[in-house]
Amino acid sequence: QVRLVESGGGLVQAGGSLRLSCAASGNAFSINEMGWYRQTPGKQREWLATVTLDGSINLADSVKGRFTIFRENYNNSVSLRINSLKPEDTAVYYCAASPPNYHLGSSYDSWGQGTQVTVSS
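Here the structure is a predicted model, which means the values were calculated and not measured. (Residues numbered from 1 in each chain as written. Predicted model: local features only at pLDDT ≥ 70, side-chain atom pairs only at ≥ 80, totals over all residues. Heavy atoms only, no water.)

Engineer: I'm lost on the sheet that holds strand β7 (residues 67-72) in this one. Help?
Structural biologist: Backbone hydrogen bonds hold the strands of a sheet together, and the pairing may be parallel or antiparallel. Taking strand neighbours across the sheet as the criterion, the four strands line up as β1-β3-β8-β7 in an open arrangement whose pairing is antiparallel. One side of each edge strand has no neighbouring strand; the edge strands of this open sheet are β1 (3-7) and β7. Direction aside, neighbouring strands of the sheet carry axes that sit 15 degrees apart on average. Pairing analysis gives five bridges linking β1 to strand β3 (residues 18-25), with the strands arranged antiparallel. Looking across to β3, one finds that V5 is bridged to A23. (Pairing = 2+ DSSP bridges. Helix = DSSP H or I, 4+ residues; strand = E, 2+ residues; numbered from the N terminus. Axes fitted to C-alpha atoms, helices over the stretch in contact; angles between N-to-C directions.)

This is the structure:
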């Protein structure tokens, strides 16, 4: 099983930027796609971005132009760079990884513990 640990969350003023990182440990060959989600209490989990082993990315329409996802450390980590933060970006941000032969979003995904992002106005 892959363990994912997020970092980089915190309190940021609107208009600022933030970089969230996720480090994977365990069997690196157990990782296929990686991505980011966020969730606010009382709301559904929202998919934000996915990056494949080849480095191709897919971003949610709602965050295109402000969010960027990329993999580093020989595909063992994934980061989410957020620019022009808005108060509505406040949420717990989760890193996820899919196993081989699966796309992100299946019941077999590994998940991090989440990191809180709070954007003040």
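Picking up where we left off.
Engineer: Can you help me understand the pattern of salt bridges in this one?
Structural biologist: Where side chains of opposite charge bring their charged atoms close, a pairing between them can arise. Under the counting rule described, the total for this entry stands at five salt bridges. As a salt-bridge pair, D61 and K64 come within 3.2 Å of each other at their nearest N and O atoms. Of the residues examined, D61 reaches a relative accessible area of 66% and is grouped as exposed. Members of the salt-bridge network, linked through shared partners, are R38, E46, R66 and D89. (Salt bridge = Lys/Arg side-chain N within 4 Å of Asp/Glu carboxyl O. Buried < 20%, exposed > 50% of the residue type's maximum accessible area, 1.4 Å probe, protein only.)

Engineer: What is the right way to read the packing of aromatic side chains from this model?
Structural biologist: Aromatic ring pairs are defined here through the distance separating the ring centres and the angle between the ring planes. Taken as a whole and assessed by the stated rule, the structure comprises three aromatic pairs. Relative to Y108, the ring of Y102 has its centre 4.9 Å away and its plane inclined at 50 degrees; by these criteria the two rings are tilted. By relative accessible area, Y108 is classed as exposed at 52%. Grouped by ring-pair contacts, the aromatic residues Y37, Y94 and W111 constitute a single cluster. The side chain of R45 reaches across the aromatic face of Y37, ending 4.7 Å from its centre. (Phe/Tyr/Trp six-rings, centres within 6.5 Å; stacked < 30°, edge-to-face > 60°. Lys NZ or Arg CZ within 6 Å of the ring centre and 35° of its normal.)

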